Amino acid sequence: QVQLVESGGGLVQAGGSLRLACATSGRTSRTYPMAWFRQTAGKEREFVATISRDGTWILYSDSVRGRFTISRVNTENTVYLHMNTLKLQDTAVYYCAASQTVASRLEDEYDYWGQGIQVTVSS
């Protein structure tokens, strides 16, 4: 089993920055394609960014491309989401996820999920 724990969320003013971290524990002898998703109340969870096992392939949603950066340090079993120029509409619960197969924007491709962490952007 794989456990994912997010950290780094909180309250930030619009235009500011935050860095989320997702620490992986459990079957860390393997590396997994990883992703970040987010969800606001009353809406479906949406894709934010994904990164391949070795970090060479990355995909972003249109809404965050150019402002967010996903990265990973495999020796630390950690994936990061650097969020810059935050907007009010970035307010959400952010989830990290791990796939046993492929980096994808599709939620169904992910087998393990963190508990989520709140990011609130204020005006």
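The structure we're discussing is the one just above.
As the structure is a prediction and not an experimental result, all values here were calculated from the model. (Residues numbered from 1 in each chain as written. Predicted model: local features only at pLDDT ≥ 70, side-chain atom pairs only at ≥ 80, totals over all residues. Heavy atoms only, no water.)

**Student:** Please clarify how the nonpolar core should be interpreted in this entry.
**Tutor:** What tends to happen in soluble globular proteins is that the nonpolar side chains get buried as a cluster. Core analysis: the largest hydrophobic core is formed by 28 residues, its most contacted members being Trp36, Leu81, Met83 and Tyr94. By residue number, the principal contributor to this core is strand 9 (residues 92–98), which donates four residues. Formed by five residues, the second largest nonpolar core is a distinct cluster that contains Ala35, Phe37, Phe47 and Ala97. (Core = buried A, V, L, I, M, F, W, Y, C linked by side-chain atoms within 4.5 Å. Buried < 20%, exposed > 50% of the residue type's maximum accessible area, 1.4 Å probe, protein only. Helix = DSSP H or I, 4+ residues; strand = E, 2+ residues; numbered from the N terminus.)

**Student:** In this structure, what is going on with the sheet that holds strand 8 (residues 78–83)? I would like to understand it.
**Tutor:** Neighbouring strands of a sheet are bound in pairs by backbone hydrogen bonds; such pairs are parallel or else antiparallel. Taken in spatial order, the four strands line up as 1-3-8-7 in an open sheet, and their pairing is antiparallel. Every interior strand has two partners, whereas the edge strands, strand 1 (2–7) and strand 7 (68–73), have only one. The mean angle between the axes of side-by-side strands here comes to 15 degrees, regardless of whether they run parallel or antiparallel. (Pairing = 2+ DSSP bridges. Axes fitted to C-alpha atoms, helices over the stretch in contact; angles between N-to-C directions.)

**Student:** I'm lost on the state of the cysteines in this one. Help?
**Tutor:** What is meant by a disulfide is a covalent connection between two cysteines, made through their sulfur atoms. Per the counting criterion, the structure on display carries one disulfide. Put simply, Cys22 and Cys96 are joined by a disulfide, and their sulfur atoms are 2.0 Å apart. Residues Cys22 and Cys96 are joined by a disulfide whose S-S torsion is about 50 degrees; by sign, that bridge is right-handed. Linking Cys22 in strand 3 (residues 18–26) with Cys96 in strand 9, this pair joins segments that are 74 residues apart in sequence. The pair formed by Cys22 and Cys96 is uniform in burial state, with each residue classed as buried. (Disulfide = S-S within 2.5 Å.)

**Student:** Whenever I open this one, the packing of aromatic side chains confuses me. Can you help?
**Tutor:** Geometry of an aromatic ring pair is reported as the spacing of the ring centres plus the angle between the planes. Tallying each qualifying case throughout the model produces five aromatic pairs. With a centroid separation of 5.8 Å and an interplanar angle of 75 degrees, the aromatic rings of Phe37 and Phe47 are classed as edge-to-face. Of the two residues, Phe37 is situated in strand 4 (residues 34–39) and Phe47 in strand 5 (residues 46–51); the sequence distance between them amounts to 10 residues. By relative accessible area, Phe47 is classed as buried at 8%. An angle of 75 degrees between the planes, with centres 5.5 Å apart, marks the rings of Phe37 and Tyr110 as edge-to-face. Taken together, the residues Phe37 in strand 4 and Tyr110 in the loop between strand 9 and strand 10 (112–113) connect sequence positions 73 residues apart. Each of the two residues, Phe37 as well as Tyr110, counts as buried. Cation over ring: Arg45 sits above Tyr95, and NZ or CZ is 4.8 Å from the ring centre. We note Arg45 situated over the ring of Trp113; from NZ or CZ to the ring centre the distance is 3.9 Å. (Phe/Tyr/Trp six-rings, centres within 6.5 Å; stacked < 30°, edge-to-face > 60°. Lys NZ or Arg CZ within 6 Å of the ring centre and 35° of its normal.)

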